[in-house]
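Secondary and tertiary structure notes
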Amino acid sequence: MESRGRAPLHFLPNLKSFPLASAPDSSASSANAPRPSRSPADCAVDVSAVDTRSVDERAQAQGRSETVERATSPADGAAREFDAAIFDMDGVITKTADVHSRAWKRMFDEFLQRRAAREGGAFHEFTHARDYLAYVDGRPRDRGVAAFLKSREIELPPGSPDDPPGTETLAGLGNRKNALFQDLIEREGVSPFASTLDLIREMRRRGIRIGLATSSRNAAPILEKTGAAPLFATVVDGLVSEKLGLKGKPAPDIFTAAAANLGVPGARAIVVEDAASGVQAGARGGFALVIGIARENNARELREQGADLVVTDLGETSVDDIDRLIRAKRAGAGDFQLPRDGNGSAHK
């Protein structure tokens, strides 16, 4: 039964002692890149080595009350094909991807204009289509800064996390972007995608465990503003990743960590993402299914980077659809996408 008003549970095993995947840090996704393999050997966390008690068993052991219903069978009576779902936040749960893009643009344009004036060069603006999606979207903040600057052949020192916002270091520019993002959130608020929350609630009613895995360091305030925090049994965000030494996307670490926290092997969990780097991470983690949400007219790219199912909105699929797709995937079916209507939308 769904409970409101309770903070999400953060079960954080000491993942530093477990073998972590060493995924290459590609600065931009390639439309011609080979489809990533899905070998379970690529999982970032050896889930056999972690505490795999259920969420409610661990909560009871720590004196808390957290009821997790056992998964019910699909409508056709077959056994459930997955036990957990792990969602990205920006662009999947919340309508904050555009806010991030605007904050990145303002920060980089300020920096590039100062640099052009100082060095006498031309100013070339940061754009959403050319720069945000290719170099920044889905990546940890410092890696996004580094990837974009590399594309412009600009080198800056890494700096330190407490560099003042705007300092010309990777950390300083990242801090400026975060200050701009937080200001926008305070002034404009945050809205969730209703269809995503509907699917999550349906999964919870069926006993499927729900986790959040995001590169963002602002997960707590954003979830609080949307009222969505009680839906998630575990949250692995940028702050947790830093504490545990997890690699950022496209490495699968944050997703495999979330699955481990939920007590579910990656092969029994699905990943829902909207960024190419996040889809790559899900594909490399050995998960049961990777769902890509193509909100940027980027369905082809998400498929090429490893998404098993691509939709434009989660209202286009259902728990039973997901079960059928996982069953078809395990049976070795070739193209197991949902059929699509004339507008390119998946339908049941």
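Shown above is the structure to which this text applies.
This is a predicted model, so every value here is computed, not measured. Throughout, a residue's number is its position along its own chain's written sequence, starting from 1. Where totals are concerned, whole chains, interfaces and linings use all residues; where local detail is concerned, this predicted model gives features only for residues with pLDDT of at least 70, and gives and counts side-chain atom pairs only at 80 or more. Remark: hydrogens and water are excluded; side-chain values derive from all non-hydrogen atoms of the structure.

Moving on, we get to the pattern of salt bridges. Salt bridge, as used here: a side-chain nitrogen of Lys or Arg that lies within 4 Å of a carboxyl oxygen of Asp or Glu. Applying the stated rule across the entire model yields 27 salt bridges. Here Arg 106 makes a salt bridge to Glu 110, at a shortest N to O gap of 3.3 Å. Of this pair, Arg 106 and Glu 110 both sit in helix 2 (residues 97-119), separated by four residues, roughly a single helical turn. Linked through salt bridges whose partners overlap, the residues forming this network are Glu 202, Arg 205, Arg 206 and Asp 320. Secondary structure is summarised from DSSP: a helix means a run of H or I of at least four residues, a strand means a run of E of at least two, and numbering begins at the N terminus for each.

The definition of a nonpolar core used throughout is a set of buried Ala, Val, Leu, Ile, Met, Phe, Trp, Tyr and Cys residues joined through side-chain atoms within 4.5 Å. For each residue, the accessible area found with a 1.4 Å probe, counting protein chains only, is set against the maximum for its type, and the residue is called buried under 20%, exposed over 50%, and partly exposed in between. Within the largest apolar cluster, 60 residues are counted, with the highest numbers of intra-cluster contacts made by Phe 87, Leu 149, Met 203, Phe 232 and Ile 270. The element that contributes the greatest number of residues to this core is helix 2, accounting for eight residues. Not counting the four nearest positions on each side in its chain, Ile 270 is found in contact with Phe 82, Ala 84, Ala 85, Ile 86, Met 203, Ala 288, Leu 289, Ile 291, Ile 322 and Ile 326. Formed by 19 residues, the second largest nonpolar core is a distinct cluster that contains Leu 244, Ile 254, Ala 269 and Ala 281. Working rule for contacts: check all heavy atoms of both residues, and any pair within 4.5 Å makes them a contact.

Bringing the packing of aromatic side chains into the picture now. Pairing of aromatic side chains requires ring centres within 6.5 Å, counting the rings of Phe and Tyr and the six-membered ring of Trp. Pairs whose planes differ by under 30 degrees are stacked, by over 60 edge-to-face, and all others tilted. Counted under the stated rule, the structure contains five aromatic pairs. Centroid distance Trp 104 to Phe 108: 5.5 Å. Interplanar angle 15 degrees. Geometry classified as stacked. Of this pair, Trp 104 and Phe 108 both sit in helix 2, separated by four residues, roughly a single helical turn. With respect to class, Trp 104 is no different from Phe 108; both count as buried. Ring centres 4.2 Å apart and planes at 50 degrees place the aromatic pair Phe 108 and Phe 148 in the tilted group. Of this pair, Phe 108 sits in helix 2 while Phe 148 is found in helix 4 (residues 141-151), placing the two residues 40 residues apart along the sequence. Here Phe 108 and Phe 148 have matching classes, each one buried.

The next subject is the packing of helix 3 (residues 128-136) against helix 4. Think of each axis as a best-fit line through the C-alpha atoms, taken over the contacting stretch in the case of a helix, with angles from 0 to 180 degrees between the N-to-C directions. At a closest axis distance of 9 Å, the pairing of helix 3 and helix 4 adopts a crossing angle of 130 degrees. Classified by the angle between their axes, helix 3 and helix 4 sit oblique to one another. Here helix 3 and helix 4 pass one another in a crossing that is right-handed. Between helix 3, through Asp 131, Tyr 135 and Val 136, and helix 4, the contact on the second element is made entirely by Gly 144, Ala 147, Phe 148 and Ser 151. The classification used treats Ala, Val, Leu, Ile, Met, Phe, Trp, Tyr, Cys and Pro as nonpolar, Asp, Glu, Lys and Arg as charged, and all other residues, Gly among them, as polar. Split by residue class, the contact of helix 3 with helix 4 holds four nonpolar, two polar and one charged. If an angle is under 35 degrees, it is roughly parallel; if it is over 145, roughly antiparallel; if it lies from 65 to 115, roughly perpendicular; otherwise it is oblique. The handedness criterion is simple: a crossing whose near helix is rotated anticlockwise from the far helix by less than a right angle is left-handed, and one whose near helix is rotated clockwise is right-handed.

Functional significance is not addressed by these values, which are geometric in nature.
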